[in-house]
Amino acid sequence: MAAASSSLQYDAAIGGSVELPSEIDMVRFAEERRDEVCLMIRKMASNEHQRKLMHQSLPLHMRRRAMSYNPKRLPRKFRAVHVAQFSKSGVSEKKKRPSRRFRRKPHNLLKEYERRKRAFVWLETHVWHARRFHMVSRWGYKIPQTPCNKGYRSSYRATSKHALLHDLSYEGCVEVRGPESTLFDGLRRMGSERVGLTMAAKAYGAGTRAGYVWLFEDGHYPYGCLGRVRFVWRATVANDQRGRTVWIFAHPSFYRRLVEQLVSIFGLKNALRETADTLEDITRNPADIRCPRYSTSTAAGTVEVIELKDTLNRFHLTGPLAQATLAKALKLYQAPEQTASSPQHWFTDYSTPKSFRKILNHQTAYWDAVKDLTSPGELSPGEAIGLVIEDPRLNRPQRRTKALPSRIQARYAALATDDGLLAPTTNTCFSPLWDETIRNRITEEQKSTHELNVMRSREALVPGERCASEAYLQPVPILLLQTPGSQDAAYKRLGYGSGWDVIVPAGYGLPLWHSLTRWGAKAAGQKELEMIAIESGCDRSGVPDTILGRTESATAYQDAVARYFRRPNNRRVNYTKLAIASPFRCPWQQLVQEWNRSKEEMGSDTSPTQFFVLRDRDALAKLRLAFERKFNLRSINLPPDALVPLLLTLKTRGNPGENALICLPKREDFRANRVARIGGDHSPVYTEPLRKDPHEHERKKLRTEHLRTLKRLRRQRVREKKRRQRTNPGQLVKIAAASNAVRVREQLERMAELWLPGKPANGIRNQCSRECFGYVTQCCFTLTEGNVTGIGYVTVKGLEKLFKVCNKGTFKVLLRGTKSRGYRFATIRLGGEA
């Protein structure tokens, strides 16, 4: 073989003569490598100049990704050093996550649920909703926002043709009991007869009807509106000396304020613990108290307020098939023959008097007569019906089945003239659900689904057939409250939005929910509930003077501002150029103040201006006639600090969205609109000219200076670190992190003020070329109207000026979205109740 070149390695393809030893002397090889191995081990075990952890000091071919948290991945001789390093650093060793099979075991799953319930309250239907809905955290609860599938149009079809189901159990219940005269006098102070019927009205006092009412702070009407609540009185029976009781269902945003008002009005004290005289201390209760109580004794009797929050389930059914769904899902209880070995429950003890048997027979006959109606709207508005039904788990189809009303109405026609049987009476609305002892027994004595399945597997001979023990399960008392729906045929068809509120005791919420959904009711979330409100022409969560309206507006404003400033500068809408003073919220207070005061008065008087939404029935009736040009607007004498609710319908294409401006039109706008309508032009009536941004140069200069300052401070820290490194060679030098938090926060505040000025130069009224006198709180395409409609509020002075401008024809206003410069006409009519 030819000799190989010294610069090349040996390769069979290259060739060359290479001599390899036939054996290796192991002793000599180990001696040569001993010093190297000892040096490596000594350096790895030493803490001097050690900048890496043990698992980071290994050769590359020995490193593993899991070594940082699993010592068993290291060689055995290095594990002790690794554990010692991690124990000194205080980093807890991560444990292996249990398998999914272990985590999904029932007892472990319940522990996990209890841990997750600490931050937010879960409804009884939470697990069912969490599998099918987007869940959100609102008002201290986890509630369903919207279904994971497309549900807007299907939810509207359910409200108009089928049945829509929503869980309203997050609305808390307050029970007030005491002498009738004392309760009536106190509850009248929280309302006003000018708004409508109060809770002390004779129409509701008997307990046969449930109603809605606006509540205000004591003595502050028309200011200080708390919100709109639903209430129902307990029906009185013969020889009942317990006084009167009323249930008030309030939204969680003002539930605490309602309890405080009741305690203040009746002069109550905490019945479960000693407290100070302050209202905050009286209403403050430990977490282990499930139903706080407040009571006081007077000459007329004892007045007591009990918080029943999270102890009752309330389901809202909407749609014409809500009646048929309830008729199928609710099967009235028929008590079996009792023997010595029959199990005892609350019904066997409660049904001993013959008077209760008579009441149950009356309720059974009444429900059999009305359950086949084609719509809940055919019943009397707000009617209350008490029923005792079988366990909902016994009356459930195997598959989802659509409940349809019976086509035979002969029984209804026959019973309609049978001694007034169909008229609501105190026997019709009587229910054991009012008794706290019975509610507690029902929850405690309820058989779990597992126990029921074990009983069925042991006794049922044929799968799916009823077993003997099912007849002895305890019945469930419920309370049905009718919702009347639309009462104005000129705007919405009669009965749209009608339905039922089903009140169920704790523990039976999920079983009844399963039965209702199996019988065809479509579950809906909070977004669909808002859709029902705007389709009905009602403002449910955007009323400006209520607690709910203010909290929702503040939350939406914070989210919108944070989302706006997360975008880069060249991707932000410059609202100054669009002449939009407040794009993310409606500044009602400043708007009312500018319309009622001149610039000189606003400069001298810095006190805030109060406002309220007009709810006076007489004033609204006269205003409705004024919109029909049958009454003079000035003779109504509307208060200047009131906001008038309006329903707006867009005449052409376009959707201005929420927080849109309601502006006064000019004469030339009407002429331009007339010419555009003749020519078939759907462009905006008027386009706002683009403004100049006076703060643009200042923002750029401020941003440049801020970045230059941050770079200068960084260079100073780098020079300081290098200087210390030269002074202390061989040591790791660390300097403190930059303390620029205050500087950055001040910079953000200045930039936010330059992007969105808190007090614009032209104010709110004259922010653009058309005078702004109101805002739109909700706006979308409504399927009932087939066009874009909205709900808004305007000032009284601006409305008076609109009546001067629109001296003939229908009243029209200009709408303009916050991201558009185009104005479009919209017709207006007086808004209804929220």
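For the structure itself, consult the block above.
Parameters and conventions
Residues numbered from 1 in each chain as written. Predicted model: local features only at pLDDT ≥ 70, side-chain atom pairs only at ≥ 80, totals over all residues. Heavy atoms only, no water. Patch = residues over 30% accessible without salt bridge, like charges linked within 9 Å, V, L, I, M, F, W, Y side chains within 5 Å. Areas by Shrake-Rupley, 256 points an atom, 1.4 Å probe, with all protein chains shown as cover. Salt bridge = Lys/Arg side-chain N within 4 Å of Asp/Glu carboxyl O. Lys, Arg positive; Asp, Glu negative; His and termini not counted. Charge placed at Lys NZ, Arg CZ, Asp CG, Glu CD. Helix = DSSP H or I, 4+ residues; strand = E, 2+ residues; numbered from the N terminus. Pairing = 2+ DSSP bridges. Contact = heavy atoms within 4.5 Å. Axes fitted to C-alpha atoms, helices over the stretch in contact; angles between N-to-C directions. Expected span 1.5 Å × (residues − 1). Buried < 20%, exposed > 50% of the residue type's maximum accessible area, 1.4 Å probe, protein only. Arc of directions from axis to C-beta.

Chemist: Is there a simple way to explain a positive patch on the surface in this structure?
Modeler: Together, R100, R104, R116, R131 and R132 give the surface a local cluster of positive charge. Here R131 shows up in the loop between α6 (126–130) and β2 (133–138).

Chemist: Hey, could you run me through the sheet that holds strand β16 (residues 522–523) in this one?
Modeler: Two orientations exist for strands paired in a sheet by backbone hydrogen bonds: parallel and antiparallel. Sheet architecture is open: six strands sit in the order β13-β14-β15-β12-β4-β16, paired in mixed fashion. Looking along the sheet, the strands with just one partner apiece sit at the ends: β13 (384–389) and β16. Note: β13 against strand β14 (residues 476–483), six bridges, orientation antiparallel. Pairing of L387 across the sheet is with I478, part of β14. Against the sheet, helix α12 (residues 322–329) touches β12 (312–318), β14 and β15 (499–505), its axis set at about 30 degrees to β15.

Chemist: Would you explain helix α25 (residues 667–679) in this entry?
Modeler: Since the α-helix advances by 3.6 residues per turn, residues separated by three or four positions end up pointing in the same direction. With 13 residues, α25 should cover 18 Å at 1.5 Å per step; its first-to-last C-alpha distance of 19 Å lies within 8% of that length. Within α25 the residues assigned to the buried category are D669, F670, N673 and A676. What you see down the axis of α25 is that its buried residues fit within an arc of 130 degrees, all on one side. Summarising the geometry of α25, the exposed residues directed more than 90 degrees from the buried face are V675, I678 and G679. Structurally, α25 contributes buried residues whose contacts are with β20 (686–687), α28 (796–805), β23 (812–816) and β24 (822–830). G680 sits one or two residues past α25 and shows a positive phi near 70 degrees.

Chemist: Help me understand the pattern of salt bridges in this model?
Modeler: For the coordinates displayed, the defined rule picks out 44 salt bridges. Here E171 ties to R314 by a salt bridge, and the two come within 2.6 Å at their closest N and O atoms. Taken together, the residues span a long stretch of sequence, with E171 in the loop between β4 (164–167) and β5 (172–178) and R314 in strand β12 at a distance of 143 residues. Close ionic contact of E720 with R724 constitutes a salt bridge, the shortest N to O distance being 3.0 Å. Placement of the pair is E720 and R724 together in helix α26 (residues 696–727), with a separation of four residues, close to one helical turn. On the basis of relative accessible area, R724 is assigned to the partly exposed category, the value being 35%. In this structure, a network of salt bridges that share partners links the residues E171, R230, R314, D501, E530 and R540.

Chemist: How should a nonpolar patch on the surface be read in this particular structure?
Modeler: Together, I24, M26 and F29 make up a nonpolar patch on the protein surface, roughly 350 Å² of accessible area in all. Structurally, F29 is set in helix α1 (residues 26–45). F29 sits in the partly exposed class, given a relative accessible area of 42%.

Fair warning: the whole summary comes from geometry, so function is off the table for now.
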